[in-house]
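# Geometric and topological summary
Chain residues, written in single-letter form:
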Amino acid sequence: MDHAEAIAANRANWDERADVHRRSEMYDVDAFLADPEAVSSVVRNDLSVLAPHLPETGVQGKSLLHLQCHIGTDTLSWARLGAVDVHGLDLSPNSLRHADRIARADGRELAWVEGDARYASTLIDRQFDLVVTSAGTIVWLPGLTEWARSIHDLLAPGAVFMIRDDHPILGAMDFEPWEITDDYLGGTGPRTYTDSGSYTENSAGQITQATVHEWRHDLGEIIGSLLRAGLRIEAVHELPYMDWRAFPDLVECPEGWTLPGRAPRIPLNFAVVTRKV
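In this report, the structure presented in the accompanying data block is examined.

Time to look at the side chain of R216. Along the polypeptide, R216 turns up in the loop between β9 (211-214) and α8 (219-228). Judged by relative accessible area, which is 12%, R216 ranks as buried. Within the local environment of R216, its side chain forms a polar contact with the backbone oxygen of G171, the two atoms lying 2.6 Å apart. Within polar-contact distance, the side chain of R216 engages the backbone oxygen of D183 at 3.3 Å. Beyond its immediate sequence surroundings of up to four residues, R216 is in contact with G171, D182, D183, Y184, L185, G186, G187, R191 and E221.

Turning our eyes to something else, we now look at the layout of surface pockets. Within this model, the second largest pocket holds a volume of roughly 160 Å³. Together, E238, L239, P240, T258, L259, P260, G261, A263, P264, R265, I266 and P267 line the second largest pocket. The residue makeup of the lining of the second largest pocket, split by class, is eight nonpolar, two polar and two charged.

Once that is clear, we can look at the pattern of salt bridges. Scanning the model with the defined rule gives 14 salt bridges in all. Ionic pairing is found between R108 and D106, a salt bridge with its closest N-O pair at 2.9 Å. The class for D106 is buried, based on a relative accessible area of 17%. In this structure, R118 and D116 form a salt bridge, with 2.7 Å as the shortest nitrogen-oxygen distance. Across the pair, D116 and R118 agree in class, each one buried.

If you walk through the whole model with that rule in mind, you get two aromatic pairs. Between W14 and W140, the ring centres sit 5.4 Å apart and the planes meet at 90°, which makes this aromatic pair edge-to-face. Placement of the pair is W14 in helix α1 (residues 3-22) and W140 in the loop between β4 (128-134) and α7 (145-154), with a sequence separation of 126 residues. W140 matches W14 in its accessibility class, with the two residues each being buried. Ring centres of W147 and F161 lie 5.7 Å apart, and the angle between their planes is 80°; on these two criteria the pair is classed as edge-to-face. Of this pair, W147 sits in helix α7 while F161 sits in strand β5 (residues 155-166), and the two are 14 residues apart along the sequence. In this structure, W147 and F161 share a single accessibility class: buried. Lying across the ring of W14, R17 places its NZ or CZ 4.2 Å from the centre. Over the ring of F128 we find R126; its NZ or CZ atom is 4.4 Å from the centre of that ring.

Okay, unusual backbone geometry next. Residue H70 is not a glycine yet carries a positive backbone phi of 55°. Mapping H70 onto the fold places it in the loop between β1 (63-67) and α4 (73-80). Even without being glycine, D85 reaches a positive phi, approximately 50°. Examined against the element boundaries, D85 turns out to sit in strand β2 (residues 84-90). Take D85: its relative accessible area is 46%, and that puts it in the partly exposed class.

Within a sheet, adjacent strands bond to each other through the backbone by hydrogen bonds, running parallel or antiparallel. Pairing is antiparallel in the open sheet, where three strands are placed in the order β11-β13-β12. Because the sheet does not close on itself, it has two edges, and the strands there are β11 (241-242) and β12 (251-253). Where β11 lies against strand β13 (residues 256-258), two bridges are found, and the strand directions are antiparallel. The residue bridging Y241 from the neighbouring strand is T258, located in β13.

Turning next to α1. Compared with the 28 Å implied by 1.5 Å per residue over 20 residues, the 28 Å span of α1 between its first and last C-alpha is a close match. Turning to α1, its buried residues are A6, I7, N10, N13, W14, D15, E16, R17, A18, V20 and H21. Against the buried residues of α1 lie α5 (93-105) and β9. The opening residue of α1, the one whose side-chain oxygen lies 3.2 Å from the backbone nitrogen of A4, is D2.

Rules behind the numbers
- Residues numbered from 1 in each chain as written.
- Predicted model: local features only at pLDDT ≥ 70, side-chain atom pairs only at ≥ 80, totals over all residues.
- Heavy atoms only, no water.
- Helix = DSSP H or I, 4+ residues; strand = E, 2+ residues; numbered from the N terminus.
- Buried < 20%, exposed > 50% of the residue type's maximum accessible area, 1.4 Å probe, protein only.
- Polar contact = N/O pair within 3.5 Å; in protein donor to acceptor, adjacent residues only side chain to side chain.
- Contact = heavy atoms within 4.5 Å.
- 1 Å grid on protein atoms, 1.4 Å probe; cavity = no way out; pocket = protein on both sides within 12 Å on 5 of 7 lines; lining within 4 Å.
- Points joined across faces, edges and corners; volume = space filled by probe spheres on them.
- Nonpolar A, V, L, I, M, F, W, Y, C, P; charged D, E, K, R; others polar.
- Salt bridge = Lys/Arg side-chain N within 4 Å of Asp/Glu carboxyl O.
- Phe/Tyr/Trp six-rings, centres within 6.5 Å; stacked < 30°, edge-to-face > 60°.
- Lys NZ or Arg CZ within 6 Å of the ring centre and 35° of its normal.
- Pairing = 2+ DSSP bridges.
- Expected span 1.5 Å × (residues − 1).

This is how it looks when you write it as structure tokens:
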């Protein structure tokens, strides 16, 4: 299967997931809209990483692009925090339809762009103060070279990019028992599997376009692609929490989910902050 076929299959899968996620308790969109001060837990975690690289006013007054924005609750959260000219880009048109409805229900007209994050700079003809992406994004991209170059081109001089995502070691591991069972290093093509559910509660059997394709990207590839694109690395973090319950051993914590005290200490998330010089 070539990349175009794999991406088309993933788009169909995420079009269906968007409906499932919009009505899920995990996203709880109605409660999110009912509280105009609410900010998603994903964005709170993102902001904890970004804050040292921002002025005291944070994202207020900063133009912002959110790559792989899905149904837009995180994108809207950035707008609620004071970001301006907020754009969200996603591969799934149905995700963007939900995102637009959610933003309009909050009284906001944000800009939504359909397309592949690798080529975002060919779809958006402007630059931003901040570009962000987080929580389950780059495994859906076949390669990172074009992605990193696109981010570079979308950043204004002195602007900041942040990625926070599931740590790539998790994709190589099985947890019953704990052992390495798959590739950590990238470059071997997609990992293809079938799953009729999603990461939200009670979703098994709700996805008919169930075959998806993910690509491994180790930390060396991620950081190297950003450096080769001309960005300056300001921070790299390996974090003990993640935004979703990726496996049953995880327990709730203020940031989302973490390993219990008896478990081996491994990173669950990573974050990289860069600046365009």
